Amino acid sequence: MNKKILEFDVVICGSGPAGATAAALLAKNGLKVALIDKEDFPRDKLCGGLLTEKSYKLIESIFGSDFFEPDLIEFSSSKFEIFYGKLKVLSALSKKLFIYVNRKKFDFAILQRALGFRAYFFNKTKVIDIDIKNMSVFTNNNIFKGKYIVDAEGVNSVVRGCLIKNGILDDGGYKENLTLAMEFYDYKLTTDRASIYFGFTKFGYGWIFPNKERTLVGIGALISKNRGLIKKQFKNFLNLIKVEGPANSGAHLIPTGWIPDRLGCDNILLVGDAGGFVDPITGEGIYYAIKTGQMAADAILMSEKNKLFAEINYNLSAQNIVSNLSKRKTYRNLIFGTRFRLVMKFFLLIILFAFKDKLLKFIHE
Ligand SMILES: Cc1cc2nc3c(=O)[nH]c(=O)nc-3n(C[C@H](O)[C@H](O)[C@H](O)COP(=O)(O)OP(=O)(O)OC[C@H]3O[C@@H](n4cnc5c(N)ncnc54)[C@H](O)[C@@H]3O)c2cc1C
């Protein structure tokens, strides 16, 4: 079967928060946008669904204060606690709320905004390859040509893989900075707060997050620092919190601490997880996905005017985020890098007690 060639101003690969945000903003400004996803929507997405203040403020600034309809918020709470093993080292009330969303509903809500601005959505359409010179995206269905391509495919991005294969991007540090995250919903455990557990995995932590009529339990840790052990560590964590857990929990990768040497190539831009935009300490990625989706859209709109490559405009605006994430990676290595558990405990206690307010600012802002 001959594949059809479809032409657009912008082809966006991946309709998660990063891609759908970029699509909404570009379509709103009159560009002809193709938004492609291999899944049918609404689709499930393994995620804690925790939104910090900076995330929900950003979302409201882009989509309006009516974005968070009551049905979109599963739970909200300002309570949180931190453990080191069994020892509770901090129990606090944040001045700001943590909001918990269900990604199936949340991602669909952003997609609806993009569709409302008349972005063209192609579901069940899997990106297979790209032709960088001809700005074409090959999928299982059609071939999409665009003046600009936005790569928002998440951690296993095909487009990023092509840029690396063609020597345009350096993948140095990518594998060493992959976090394996596993989680499931528990229907017996109830809680009204976020609980974070350190001390039983290296470069990572376990979590219990509140939710509507169920509780989310998970672990995330750098694979390179815990070779083959994360599943066992998750079991140890579940024993500690006395939760049985299913035979197999959902698992997914998070790029925590890989910052590419380039944020794309000419008029191809990497956003969200595809570009490594995730907090290396907390694993928070929704904020960075939406922020870089917005920045990529702004860069493309600016390129339409100044005729520079969108990569140049994007580099200028994303520099702050890149340097902020680099700083956080250095802090991560300082906090988790110590070889002595006692020193680590001591470190944590000092940080938590002395800088409780700073810690909350660090998380929320
Ligand atoms: C277990 C877990 C818990 C997490 N908890 C939190 C949390 O509580 N708070 C937080 O802020 N972050 C959290 N994160 C991180 C967060 O989920 C990601 O950073 C965020 O989803 C990134 O958004 P994105 O749009 O870049 O990519 P994604 O959300 O991954 O979206 C990518 C989209 O691209 C599509 N796609 C992929 N490949 C192709 C292809 N070849 N062709 C076409 N389409 C494709 C996918 O179907 C998907 O819809 C968590 C991650 C995990 C794994």
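Every value quoted in this text rests on a predicted model; they were computed, and no experiment measured them.

Re the overall build of the protein
- Secondary structure summary: the protein contains nine helices and 16 strands in total.
- Since a compact globule built from 365 residues should have a radius of gyration of about 21 Å, the 20 Å found for the protein is in line with a globular shape.
- Overall, the C-alpha framework of the protein stretches about 60 × 40 × 40 Å when taken along its three principal axes.
- In the protein, which comprises 365 residues, the proportion classed as buried is 56%.
- Within the protein, contacts between residues at least 6 apart in sequence are counted, and of these 70% link residues at least 24 apart.
- Entry remark: accessible area of the protein is about 17000 Å², with carbon and sulfur atoms responsible for 55%.
- Charge centroids of the protein, computed over 52 positive and 36 negative side chains, lie 6 Å from each other.

Quick notes on a negative patch on the surface
- A cluster of acidic residues, Asp170, Asp171, Glu176 and Asp261, forms a negative patch on the protein surface.
- With respect to the secondary-structure elements, aspartate 171 resides in the loop between helix 4 (158-165) and strand 10 (178-186).

A short note on helix 2 (residues 53-63)
- Summarising burial for helix 2: eight of the 11 residues are buried, a large majority.
- Those residues of helix 2 that sit buried are Glu53, Lys54, Ser55, Tyr56, Leu58, Ile59, Ile62 and Phe63.

Points about the environment of aspartate 44
- Mapped onto the fold, aspartate 44 is located in the loop between strand 2 (33-36) and strand 3 (50-51).
- Of the residues examined, aspartate 44 reaches a relative accessible area of 61% and is grouped as exposed.
- Along the backbone, aspartate 44 and alanine 289 are 245 residues apart, and their C-alpha atoms lie at a distance of 17 Å.

Observations concerning the packing of aromatic side chains
- One pass over the full model with this rule turns up 23 aromatic pairs.
- Taking the centre distance of 5.1 Å and the plane angle of 85° together, the rings of phenylalanine 67 and phenylalanine 68 count as edge-to-face. With respect to class, phenylalanine 67 is no different from phenylalanine 68; both count as buried.
- When the centroid spacing of 5.0 Å and the interplanar angle of 85° are considered together, the rings of tyrosine 287 and tyrosine 288 count as edge-to-face. We note that tyrosine 287, like tyrosine 288, is buried.
- Ring pairs connect the aromatic residues Phe75, Tyr100, Phe198, Phe203, Tyr205, Trp207, Phe209 and Phe336, which therefore count as one cluster.

Definitions and cut-offs
Residue numbers here run from 1 along each chain, matching the order of that chain's written sequence. Residues qualify for local features only when their pLDDT is at least 70, as the model is predicted, and side-chain atom pairs are given and counted only at 80 or more; totals for whole chains, interfaces and linings, by contrast, use all residues. Only hydrogens and water are set aside; all other atoms, that is, all heavy atoms of the structure, feed into the side-chain values. The secondary structure listing takes helices from DSSP runs of H or I that are at least 4 residues long and strands from runs of E that are at least 2 residues long, numbered from the N terminus. Note on method: radius of gyration uses C-alpha positions; expected globular size equals 2.2 Å times residues raised to 0.38. Burial status follows relative accessibility: with a 1.4 Å probe on protein chains alone, a residue under 20% of its type maximum counts as buried, one over 50% as exposed, and anything between as partly exposed. By the convention used here, residues are in contact when the closest approach between their heavy atoms is within 4.5 Å. Computed by Shrake-Rupley with a 1.4 Å probe, the accessible areas treat only the displayed protein chains as cover when residues are assessed. Note that His is not counted, nor are the chain ends; the positive residues are Lys and Arg, and the negative ones are Asp and Glu. Charge coordinates come from a single atom per side chain, which is NZ of Lys, CZ of Arg, CG of Asp or CD of Glu. For patch building, the residue pool is restricted to those with more than 30% relative accessible area and no salt bridge; the joining distance is 9 Å between like charges and 5 Å between nonpolar side chains (Val, Leu, Ile, Met, Phe, Trp, Tyr). Salt bridge, as used here, is a side-chain nitrogen of Lys or Arg placed within 4 Å of a carboxyl oxygen of Asp or Glu. Note on ring pairs: Phe, Tyr and Trp rings are taken, using the six-membered ring of Trp, and paired if centres are within 6.5 Å. Classes follow the plane angle, with under 30 degrees stacked, over 60 edge-to-face and the rest tilted.

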